[in-house]
Amino acid sequence: MIVPVKALPGRLRAATAAARLWWAPARIGDEGETPDYRFSLANERTFLAWLRTALALVGGGFAVAQFLPDLHRTLRVTLALLLLAVGAMCAVRAVNHWVRCELAMRRGEDLPVSRFPSLLALTVGAMAVVMVVAVAAGWAD
């Protein structure tokens, strides 16, 4: 059963409406006025930077799984899965942020702020510290 967007609670309705724009970006043009193309292109470059970050995290996850065979299996799999999950979240967040920024520019609103970059930095930093300690300590199976 498909629930109409109007029947959903406020924040969920807004999130669902924004997610629908992921698949129909031309509909973004229905909102407000077209911003200077340089701003839209800068927004797109930021989106691509987020995707590169996501790809790097996914690659890092596979690298941990494949190239640290001497690391304790539980730790190796946990770190690999965390990197893969954070990479997936980063890719999804990239699309969401691109849509939110494009809509804000068209509506003449302030650009949206997010805690995600801080969360991402802290998570990657913490995982790096764990990997350095694990490799330095020689935690093997």
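These figures come from a predicted structure and were not determined experimentally.

Parameters and conventions
- Residues numbered from 1 in each chain as written.
- Predicted model: local features only at pLDDT ≥ 70, side-chain atom pairs only at ≥ 80, totals over all residues.
- Heavy atoms only, no water.
- Helix = DSSP H or I, 4+ residues; strand = E, 2+ residues; numbered from the N terminus.
- Expected span 1.5 Å × (residues − 1).
- pLDDT = per-residue confidence, 0-100.
- Axes fitted to C-alpha atoms, helices over the stretch in contact; angles between N-to-C directions.
- Parallel < 35°, antiparallel > 145°, perpendicular 65-115°, else oblique.
- Contact = heavy atoms within 4.5 Å.
- Nonpolar A, V, L, I, M, F, W, Y, C, P; charged D, E, K, R; others polar.
- Core = buried A, V, L, I, M, F, W, Y, C linked by side-chain atoms within 4.5 Å.
- Buried < 20%, exposed > 50% of the residue type's maximum accessible area, 1.4 Å probe, protein only.
- Patch = residues over 30% accessible without salt bridge, like charges linked within 9 Å, V, L, I, M, F, W, Y side chains within 5 Å.
- Areas by Shrake-Rupley, 256 points an atom, 1.4 Å probe, with all protein chains shown as cover.
- Salt bridge = Lys/Arg side-chain N within 4 Å of Asp/Glu carboxyl O.
- Left-handed = near helix turned anticlockwise from the far one by under 90°.
- Phe/Tyr/Trp six-rings, centres within 6.5 Å; stacked < 30°, edge-to-face > 60°.

1. Description of helix α3 (residues 73-107)
Spacing of three or four residues puts side chains on the same side of an α-helix, whose turn is 3.6 residues. Its 35 residues place the ends of α3 51 Å apart at the C-alpha level, agreeing with the 51 Å of an ideal helix rising 1.5 Å per residue. Immediately downstream of α3, the backbone of G108 shows phi near 75 degrees, a positive value.

2. Brief notes about the confidence of the model for the protein chain
Mean pLDDT over the protein chain stands at 88; residues scoring 70 or higher make up 93%. Element-level pLDDT for the protein chain is lowest in helix α1 (residues 10-23), with a mean of 78, against a maximum mean of 95 in helix α2 (residues 37-67).

3. Some details on the packing of α1 against α3
When two helices pack together, you describe them by how their axes are tilted relative to each other and by the distance separating the axes. The geometry of α1 relative to α3 is characterised by a closest axis approach of 10 Å and an angle of 100 degrees between their N-to-C directions. The orientation of α1 relative to α3 falls into the category roughly perpendicular. Residues A18, L21 and W22 of α1 touch α3, and the partners they reach there are V92, V95, N96, V99 and L103. The residue makeup of the contact of α1 with α3, split by class, is seven nonpolar, one polar and no charged.

4. Re the nonpolar core
What tends to happen in soluble globular proteins is that the nonpolar side chains get buried as a cluster. Counting residues in hydrophobic clusters, the biggest one holds 18 residues, and the most contacted among them are L79, C90 and L120. Mapped by element, the contributors of at least two residues to this core are α2, α3 and α4 (116-137). Sort the elements by how many residues they give to this core and α3 lands first, with seven residues. What L79 contacts, discounting residues up to four positions off in sequence, is V64, L71, M127, V130 and M131.

5. With respect to the side chain of S40
With respect to the element layout, S40 can be found in helix α2. In this view, S40 contacts P35, E102 and M105; residues no more than four positions away in its chain are not counted.

6. Points about the environment of M127
Within the element layout of this structure, M127 appears in helix α4. Judged by its relative accessible area of 5%, M127 is buried. When the C-alpha positions of M127 and L82 are compared, they lie 8.4 Å apart, and in sequence the two are 45 residues distant.

7. Some details on a nonpolar patch on the surface
On the surface, a cluster of nonpolar side chains totalling about 280 Å² of accessible area is made up of V129, V133 and W139. The topology assignment puts V129 in helix α4.

8. Some words on the packing of α2 against α4
Remark: α2 packs on α4, axes separated minimally by 13 Å, with the N-to-C direction vectors making an angle of 20 degrees. The pairing of α2 with α4 is recorded here as roughly parallel in orientation. Two packed elements cross with a definite hand, and for α2 against α4 that hand is left-handed. Of the residues in α4, those in contact with W50, T53, L57 and V64 of α2 are F116, P117, L120, V124 and M131. When its residues are assigned to classes, the contact of α2 with α4 shows eight nonpolar, one polar and no charged.

9. Things to note about the packing of aromatic side chains
Per the counting criterion, the structure on display carries one aromatic pair. Plain terms: the ring middles of W50 and F116 are 5.6 Å apart, the flat faces sit at 50 degrees to each other, and that makes the pair tilted. Of this pair, W50 sits in helix α2 while F116 sits in helix α4, and the two are 66 residues apart along the sequence. Look at F116 and you get buried, because its relative accessible area is 12%.

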